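# Descriptive structure summary
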Amino acid sequence: MNVIDRQIDLASTSAHITQRAEALSARLRAVGERAFPPMAQKSLRSFTSGEVAEIVGVSDGYLRQLSLDGLGPSPDLGNAGRRSYSLEQINELRQYLAGARPKEASRFWPRRRHGEKLQVITVANFKGGSAKTTTSVYLAQGLALQGYRVLAIDLDPQASLSAMFGYQPEFDVAENTTLYGALRYDDQRVPMKKIVRPTYFTGISIVPGNLELMEFEHQTPRYMLQNRGRPEDLFFRRVAGAISQVENDFDVVVVDCPPQLGFLTMGALNAATGMIVTVHPQMVDVASMSQFLLMTSDLVSVIEEAGGRLDYDFLRFLVTRHDPRDVPEQEIVGLLRDVFAGDVMAAAAWKSTAIANAGLTKQSLYELSRGAVGRTTYDRAMESINAVNQEVIELINKVWGR
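For the structure given in this document, a descriptive report is provided here. All values reported here derive from a predicted model rather than from experimental measurement. (Residues numbered from 1 in each chain as written. Predicted model: local features only at pLDDT ≥ 70, side-chain atom pairs only at ≥ 80, totals over all residues. Heavy atoms only, no water.)

### Digging into the pairing of strand 8 (residues 252-256)
This is how it is decided: Here's how the labels work: a residue is buried when its accessible area is under 20% of the maximum for its type, exposed when over 50%, partly exposed in between, all with a 1.4 Å probe on protein chains only. Going along the chain from the N terminus, every DSSP run of H or I of four or more residues is numbered as a helix, and every run of E of two or more is numbered as a strand. Strand pairing follows a simple DSSP-based rule, namely that at least 2 bridges must link the two strands.
Burial within strand 8 is extensive, with five of its five residues counted as buried. Residues Val252, Val254 and Asp256 point to one face of strand 8 and Val253 and Val255 to the other, with burial holding for every one of them. Across five bridges, the pairing between strand 4 (residues 119-124) and strand 8 is parallel. Among the inter-strand pairings, Thr122 is bridged to a residue of strand 8, identified as Val255. Pairing geometry for strand 5 (residues 150-154) and strand 8, over five bridges, is parallel. Paired with Val150 across the bridge in strand 8 is Val252.

### Quick look at the environment of Ser106
Its location among the elements puts Ser106 in helix 5 (residues 105-108). Of the residues examined, Ser106 reaches a relative accessible area of 37% and is grouped as partly exposed. C-alpha of Ser106 to C-alpha of Arg94: the two residues are twelve residues apart in sequence and 9.9 Å apart in space.

### Re the nonpolar core
Heads up, the condition is: The term nonpolar core refers to a set of buried residues drawn from Ala, Val, Leu, Ile, Met, Phe, Trp, Tyr and Cys, joined through side-chain atoms within 4.5 Å. Annotation comment: domain bounds sourced from an automatic or database domain assignment.
Core analysis: the biggest nonpolar cluster contains 62 residues, and Leu143, Phe165, Phe201 and Leu365 have the highest contact counts within it. With nine residues, the top contributor of residues to this core is helix 17 (residues 375-399). Residue contributions to this core reach at least three from each of two domains, namely domain 1 (47-108) and domain 2 (119-400). Core analysis: the second largest hydrophobic core is formed by 55 residues, Leu179, Tyr185, Val277 and Ala348 among them.

### Description of a nonpolar patch on the surface
Filter applied, for reference: The residues that make up patches have over 30% relative accessible area and no salt bridge, and they are joined within 9 Å when like-charged or within 5 Å when they are Val, Leu, Ile, Met, Phe, Trp or Tyr. To be clear on the numbers: accessible area is Shrake-Rupley with a 1.4 Å probe, and residue cover counts the displayed protein chains and nothing else. Here, a salt bridge means any side-chain nitrogen of Lys or Arg that lies within 4 Å of a carboxyl oxygen of Asp or Glu.
A cluster of nonpolar side chains, Met283, Leu335 and Val339, forms an exposed patch at the surface whose accessible area comes to about 280 Å². Mapped onto the secondary structure, Val339 falls in helix 14 (residues 327-340).

### Describing unusual backbone geometry
Look at Ala80: it is not a glycine, yet its phi comes out positive at around 60°. Inspection of the secondary structure assignment puts Ala80 in the loop between strand 2 (76-77) and strand 3 (83-85). At Ala159, a residue that is not glycine, the phi angle is positive and equals roughly 60°. Along the chain, Ala159 falls in the loop between strand 5 and helix 7 (160-164). For Ala159, a relative accessible area of 1% translates into the label buried.

### Looking at the pairing of strand 10 (residues 314-319)
Residues in a regular strand project their side chains so that they alternate between the two faces of the sheet. Of all six residues making up strand 10, five are buried, and the element is well covered by its neighbours. By the bridge criterion, six bridges tie strand 9 (residues 274-279) to strand 10 in an arrangement that is parallel. Along strand 10, the bridge assignment pairs Met275 with Leu315.

### Considering the sheet that holds strand 8
Put simply, the test is: In what follows, residue pairs with any heavy atoms lying within 4.5 Å of each other are defined as contacts. Fitted lines through C-alpha atoms give the axes, limited to the stretch in contact for helices. The angle between two N-to-C directions lies from 0 to 180 degrees.
The seven strands are arranged 6-7-5-8-4-9-10 in an open sheet whose pairing can be described as mixed. Looking at which strands have only one partner, the edges of the open sheet turn out to be strand 6 (197-198) and strand 10. Across four bridges, the pairing between strand 4 and strand 9 is parallel. Each residue of the ladder has a partner; that of Ile121, found in strand 9, is Gly274. Along the sheet face, helix 6 (residues 132-145) touches strand 4, strand 5, strand 7 (204-207), strand 8, strand 9 and strand 10 and points at about 165° away from the line of strand 8.

### Considering the packing of helix 3 (residues 60-69) against helix 4 (residues 87-100)
The relative placement of two packed helices is expressed as an angle between their axes plus a distance between the axes. Stated formally: Roughly parallel refers to an angle under 35 degrees, roughly antiparallel to one over 145, roughly perpendicular to one between 65 and 115, and oblique to any angle outside these ranges. Lys, Arg, Asp and Glu make up the charged group, whereas Ala, Val, Leu, Ile, Met, Phe, Trp, Tyr, Cys and Pro make up the nonpolar group; the residues left over, Gly among them, are polar.
In the contact formed by helix 3 and helix 4, the axes pass within 13 Å of each other and the chain directions differ by 90°. Taken together, the axis directions place helix 3 and helix 4 in an arrangement best described as roughly perpendicular. Taking contact as the criterion, the partners of Tyr62, Leu63 and Leu66 in helix 3 are, on helix 4, Leu93, Tyr96 and Leu97. In the contact of helix 3 with helix 4, the residues fall into six nonpolar, no polar and no charged.

### A few points about the packing of aromatic side chains
Heads up, the condition is: Only rings of Phe, Tyr and Trp enter the pairing, Trp through its six-membered ring, and a pair is recorded when the two centres are within 6.5 Å. The plane angle decides the type: under 30 degrees is stacked, over 60 is edge-to-face, the rest tilted.
This model, assessed by the stated rule, comprises nine aromatic pairs. Both rings, one in Phe165 and one in Tyr200, keep their centres 6.2 Å apart while their planes meet at 40°; by these two values the pair is tilted. With Phe165 in the loop between helix 7 and helix 8 (169-172) and Tyr200 in the loop between strand 6 and strand 7, this residue pair connects regions lying 35 residues apart in the sequence. For Tyr200, a relative accessible area of 13% corresponds to the buried category. Note on Phe317 and Phe340: the rings are 4.2 Å apart at their centroids and 5° apart in plane angle, and the pair reads as stacked. Taken together, the residues span a long stretch of sequence, with Phe317 in strand 10 and Phe340 in helix 14 at a distance of 23 residues. Taking relative accessible area as the criterion, Phe317 reaches 5% and is therefore assigned buried. An aromatic cluster is defined as three or more aromatic residues linked by ring pairs; in this entry it consists of Phe165, Tyr200 and Phe201.

### Quick word on the sheet that holds strand 3
The strand order across the open sheet formed by three strands is 1-3-2, and the pairing between neighbours is antiparallel. Two strands in the sheet have a free side with no partner beyond their single neighbour: strand 1 (47-48) and strand 2. Bridging between strand 2 and strand 3 involves two bridges; their strand directions are antiparallel. Following the sheet pairing, Asp76 is matched in strand 3 by Ser84. Where helix 4 meets the sheet, it contacts strand 1, strand 2 and strand 3, and its direction lies at approximately 90° from that of strand 3.

Pasting the structure below:
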C-alpha cells in the first residue's frame, strides 16, 4: 500500500469511527428522551413516613405525633391518610429536631461546624468496572439524605456521574463548564462558583464532566515546559485551589476520578482529605490494583518532592460488586483483609441486579420505591449501600472529633 492509499484508508477509518460514534450518541439520546422527555427534568420522589423515620432515626409513631401536633414540616397526605415527605421537608424536619432535642443536634443536623475542615473524598482506581461511579453516586446521595451538603465532581471525561445526575455530557455540558474551566492556564479560566450546578437531589451540587476534561491532560505538559509558574500555581495544586473557592458552601466533596493516573487524578489526590479505592474481588482486578498502588506511590513521591503534601485522614479499600456466596470471591476478600487489615472497609458493596437495573435508566435505588424492583432484592441492596455509607460517615465524624 503506497502513501496515498494509506492516507485514504486512514481517512475512511476516521470517518467510519466518527459515523459510529455519532450514531451511538444519537441512539443513546433517544433512549434517554424516552425515559426523560426533552423538556422534562429529573426529579426526586417523595419518601413515606416509614422511610423518613428510618432515614432520620426516629419512630414512625413519633413522626405521626409531630404531624398531629403541628410541629415540624407538614407532610403531604395521600390516599388513606398516608404521609410522605420531600427531601426538602426531611431537612426541615432535621432542623426542627436539632432544635427540639439539642443533645442530639449533631445527629439530626450533622453539617460541619466552625473549625471542622471540609472533607474531600476521592474515589479512585485505574481498573475499569470497579464501580467507582456507582460508589460515588450512592455515597453522595446517602450523605445528602443524612443532611450533609455535598459537592460531586466528575473528573472522568466519560462523564457517567454527570449522566446519573441528569446532565448528558454531549448535550447539557457546554464548553468551559467542567472542572477544566476552573483549572485551565489561559485567560478563559472561570471561578469555581460559575461551574457548580444544582441537581434534582436536594443537598447535592455537581461540577459535571465531558471530553473537555482531556484538555487539562493535553495542556499541562505544554504549560510546564513553557512556564514554570509560581509554586502555588503548579498543576497538582489547581484542583485543591478550585475547591477552596467554594469550601464554605459544602460539608463533603465526592470526586469521581477517571480510570487513569493522569494530571487530573494527581490533582484530585493532592486535594483529597480521604481516599476510597474500589476493588472488585477478582484476581485480575486485585493484580491491577496492585499496579495502581505502586504507580500511585511513585506519583505521590513526585508530588511531595515538588512541595505537595498528601496527609490523608483516611485511606480505605472498598470491596465492590461482591457476591458473598461466591467462594473464590470470599477467598480474595480474605486475602485483602489479611494484607490490608483495617484499611479494608468492614462493609462491602454487594453485587445486585437491583442496582444494575436501576442504572439502566440512570437512576439509583434511592430514587426508586421498594415495589419498583422487588422488596427483598431492594432491601438486600439497600442494606449493603447504607452500611458502606454509614462507615464513611463514621470516618468523617472521627475526623471532626464527634
